[in-house]
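Listed here are the chains, written in short residue letters.
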Amino acid sequence: MTLHTETLIIGAGPAGLTAGYLLSKEGRDVTVLERDPTYVGGISRTVNYNGYLFDIGGHRFFSKSKEVVDLWDEILPDDFIERPRLSRIFYKGRFYAYPLKAFEALRNLGLIESTACVLSYLYARARPIPEPRTFHQWVRNHFGERLFSIFFKTYTEKVWGMSCDEISADWAAQRIKGLDLGEAIRNALTRSFRRRPKSAPGAPVVKTLIESFRYPRRGPGMMWDAAAARIRARGGQVLLDRGVERLAWDAGRRLWTVEARRGDGSLETFTADNVISSAPITELASALKPAPISLFNARALRYRDFLTVALIAKSGQDFPDNWVYIHDPSVKVGRVQNFRSWSPEMIPDAGHTCLGLEYFCFEGDGLWNAPDEELVALAKREIAQIGLIDPADVVDACVVRQPKAYPVYDDAYRDHVETVRLDLETAFPTLHLVGRNGMHKYNNQDHAMMTAMLTVRNILAGRRVFDVWQVNEDAEYGEAGLSGAKEALASERLVPRRAA
């Protein structure tokens, strides 16, 4: 039996569910296919283990886009809490507040090291590397070589599993854009002398410096469970345990035939007028028929995976951080999440704490394939070395693996993505790529949602009115309506009109 839907969406993450929700609001027929047999939300899901709730990676609900914030409030109107943002850096046995507090950093580094960092920064500003191509060069220009080696190199190489000289400068420009040592020092001095820094009216907000954020009281999965429920309530379908294996395009009929396999091995077939994909580009290109000429470029794209070891401990020892960045090279863990500080409702027992130790890896490597008991033992050793909890207090643990968590920004990724994009838009005019993996762009969930919002407007218009690829890290919407969407585009340009 073949089921027909107007728009078939691959992936029930933030982008896919945003698209499905907005299309269903317009009365359009929608089917969302999700590979996971249990959860919607993708990397923004909330995992439930014996009543303990885990946020996979940590997801702040903060956006400069009014339309995104309004959509969050529309989907989940009564379940947000305001949380203080507190994070620290652990380096050589000491904790540093992040964003930095000037006198704390001075005390921890020492006068000589602090002076050397400032001199290194001044040298970098006086003699910048022209047109920096790598992450190392970009950070060196903005912070100096010495601070790069202390606060950027070790953690970044843990995350990506590659040298900072192999990582594109695009990564730094996107993730820490608007921040350099001068801005960090000004903010650090402000934080040292008053509790909350005040910004001038209309001043831009640097995302890395925000001090509070909104958060669903039981984790980000609440948002996406609610979105899926609203799609179903309007007659749409959100089907779990469906891994898409084949997408065949009939150019003459302008019709898609999509085959999805369930966990029990059975195959389901759908036809659709439009396909929205948030699946990794490598997987999408391999499933397309006829095979795209850019298949080689798609397969050249790389991803970084990670796993979380959640330690549940009976401990009165608690700390206020939402998460701690582990810059110390003596341990493998890259970041520690403190789930109670995200929301007290994540922890069902007031006498317990739950920490998530994040290990960055490649799917199939030694860490990824290690038995859960070995990973738990490693996490207990390292949490003791850091000094956050006593491993003797750990009463339970859980391991959650997340494949394709981060699209890799190596020196060739941009050319590969551009080739794939142009090829697919030409060969498959009703195929739309959205979201982090769907576009191979390290977007936060609000920007993934923006790509879906503009894609829906393109589908409703029957042509590519908006170039969703221009949505970037600093994109903002205007007050409301279609005209505001232009401000979500870095160049504020529309796609030239052509046949859809």
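This is a predicted model, so every value here is computed, not measured. Numbers given for residues are sequential positions, taken from 1 along each chain in its written order. A pLDDT threshold of at least 70 governs which residues receive local features in this predicted model, and a stricter bar of 80 or more applies before side-chain atom pairs are shown or counted, although totals over entire chains, interfaces and linings include all residues. The basis for every side-chain value is the complete set of non-hydrogen atoms in the structure, without hydrogens or water.

**Description of the nonpolar core**
So, step 1. Here, nonpolar core means buried Ala, Val, Leu, Ile, Met, Phe, Trp, Tyr and Cys residues that are tied together by side-chain atoms lying within 4.5 Å of each other. Three exposure classes are used, based on accessible area relative to the maximum for each residue type with a 1.4 Å probe and protein chains only: buried under 20%, partly exposed in between, and exposed over 50%. Judged by nonpolar contacts, the single largest core of 123 residues is most densely connected at Leu 17, Phe 54, Phe 135, Trp 160, Leu 247, Trp 256 and Leu 431.
So, step 2. For helices the rule is a DSSP run of H or I covering at least 4 residues; for strands it is a run of E covering at least 2, with both sets numbered from the N terminus onward. In terms of residue count, the dominant contributor to this core is helix H18 (residues 445-461) (eight residues).
So, step 3. Ignoring anything within four residues of it in the chain, the contact list for Phe 54 reads Arg 45, Thr 46, Val 47, Tyr 49, Ala 310, Phe 339, Met 346, Cys 354, Cys 398 and Val 400.
So, step 4. Counting 29 residues, the second largest nonpolar core, distinct from the first, contains Phe 90, Val 309, Val 376 and Leu 388. Note on contacts: a residue pair qualifies if any of its non-hydrogen atoms lie within 4.5 Å across the two residues.

**With respect to the pattern of salt bridges**
If the charged atoms of two oppositely charged side chains come close together, the side chains can form a pair.
So, step 1. Each reported salt bridge corresponds to a side-chain nitrogen of Lys or Arg within 4 Å of a carboxyl oxygen of Asp or Glu. All told, the structure shown has 23 salt bridges when counted by the stated rule.
So, step 2. A salt bridge links Arg 421 to Glu 425; the nearest nitrogen and oxygen atoms lie 3.4 Å apart. With Arg 421 and Glu 425 both in helix H16 (residues 413-427) and four residues apart, this pair spans about one turn of that helix.
So, step 3. Residue class for Glu 425 comes out buried when judged on its relative accessible area of 17%.
So, step 4. Among the ionic contacts, a cluster of salt bridges with common partners joins Glu 418, Arg 421, Glu 425 and Asp 467.

**Remarks on helix H15 (residues 372-386)**
Working note: α-helix, 3.6 residues per turn, so residues spaced by three or four point in the same direction.
So, step 1. To estimate the expected span of a helix, count its residues, drop one, and scale the result by 1.5 Å. The first and last C-alpha atoms of H15 sit 21 Å apart over 15 residues, in line with the 21 Å expected at 1.5 Å per residue.
So, step 2. In the stretch just after H15, Gly 387 is the one whose phi turns positive, near 95 degrees.

**What about the sheet that holds strand S14 (residues 303-314)?**
So, step 1. A pair of strands is treated as paired once DSSP finds two or more bridges between them. A sheet is described by the order of its strands in space; here seven strands give the open sequence S7-S6-S15-S16-S17-S14-S18, paired in mixed fashion. Looking at the sheet topology across the chains shown, the edges are occupied by strand S7 (94-98) and strand S18 (394-407). Taken over all neighbouring pairs, the strand axes of this sheet differ in orientation by 20 degrees on average, direction set aside.
So, step 2. Judged from the four bridges that link them, strand S6 (residues 87-91) and strand S15 (residues 323-326) form a sheet pairing that is parallel. If you follow Ile 89 over to S15, its bridge partner there is Tyr 325.
So, step 3. Lying over the sheet, H15 contacts S6, S7, S14, S15, strand S16 (335-338), strand S17 (352-361) and S18, oriented at roughly 70 degrees with respect to S14. To get an axis, a line is fitted to the C-alpha atoms, and for a helix only the part in contact is used. The angle between two axes follows their N-to-C directions and goes from 0 to 180 degrees.

**Structural notes on the environment of Asp 305**
So, step 1. The topology assignment puts Asp 305 in strand S14.
So, step 2. The contact partners of Asp 305, leaving out residues within four places of it in the chain, are Tyr 359, Phe 360, Cys 361, Phe 362, Glu 363, Trp 368, Gln 402, Pro 403, Lys 404 and Ala 405.
So, step 3. Here the side chain of Asp 305 touches Glu 363 through a polar contact of 2.5 Å, landing on its backbone nitrogen. Any N or O atom pair separated by 3.5 Å or less is treated as a polar contact, with the protein-specific requirement of one donor-capable and one acceptor-capable atom, and with residues adjacent in sequence counted only for side-chain atom pairs.

**Side note on a negative patch on the surface**
So, step 1. A cluster of acidic residues, Glu 145, Asp 165, Glu 166 and Asp 411, forms a negative patch at the surface.
So, step 2. Mapped onto the secondary structure, Glu 166 falls in the loop between helix H7 (153-160) and helix H8 (169-175). Nonpolar side chains (Val, Leu, Ile, Met, Phe, Trp, Tyr) within 5 Å and like charges within 9 Å form the patches, drawn only from residues with over 30% relative accessible area and no salt bridge. Residue exposure ignores everything except the shown protein chains as possible cover, and the areas themselves are Shrake-Rupley values with a 1.4 Å probe. Asp and Glu are treated as the negative residues and Lys and Arg as the positive ones, with His and the ends of the chain left uncounted. Just so you know, the charge point we use is NZ for Lys, CZ for Arg, CG for Asp and CD for Glu.

**What to know about the confidence of the model for the protein chain**
So, step 1. For the protein chain, per-residue confidence averages 87 on the pLDDT scale, and 86% of positions sit at 70 or higher.
So, step 2. Across residues 196-209, confidence stays below pLDDT 50; counting only partners more than four residues off in sequence or on other chains, it has 28 contacts.
So, step 3. By definition, pLDDT measures how confident the predictor is in each residue, and it falls between 0 and 100. In this model residues 473-500 is a low-confidence stretch, pLDDT under 50, and it forms 73 contacts with partners more than four residues away in sequence or in other chains.

**Brief notes about the packing of helix H4 (residues 111-126) against helix H5 (residues 135-143)**
So, step 1. Closest axis-to-axis distance for the H4/H5 pair is 6 Å, and the angle between their directions is 110 degrees. By the angle between their axes, H4 is roughly perpendicular relative to H5. For the pair formed by H4 and H5, the contact residues are Tyr 121, Tyr 123, Ala 124 and Arg 125 on the first element and Arg 140, Asn 141, His 142 and Phe 143 on the second.
So, step 2. Among the residues forming the contact of H4 with H5, the class breakdown is four nonpolar, two polar and two charged. Put simply, angles under 35 degrees are roughly parallel, angles over 145 are roughly antiparallel, angles from 65 to 115 are roughly perpendicular, and the rest are oblique. Note on residue classes: Ala, Val, Leu, Ile, Met, Phe, Trp, Tyr, Cys and Pro are nonpolar, Asp, Glu, Lys and Arg are charged, and everything else, Gly too, is polar.

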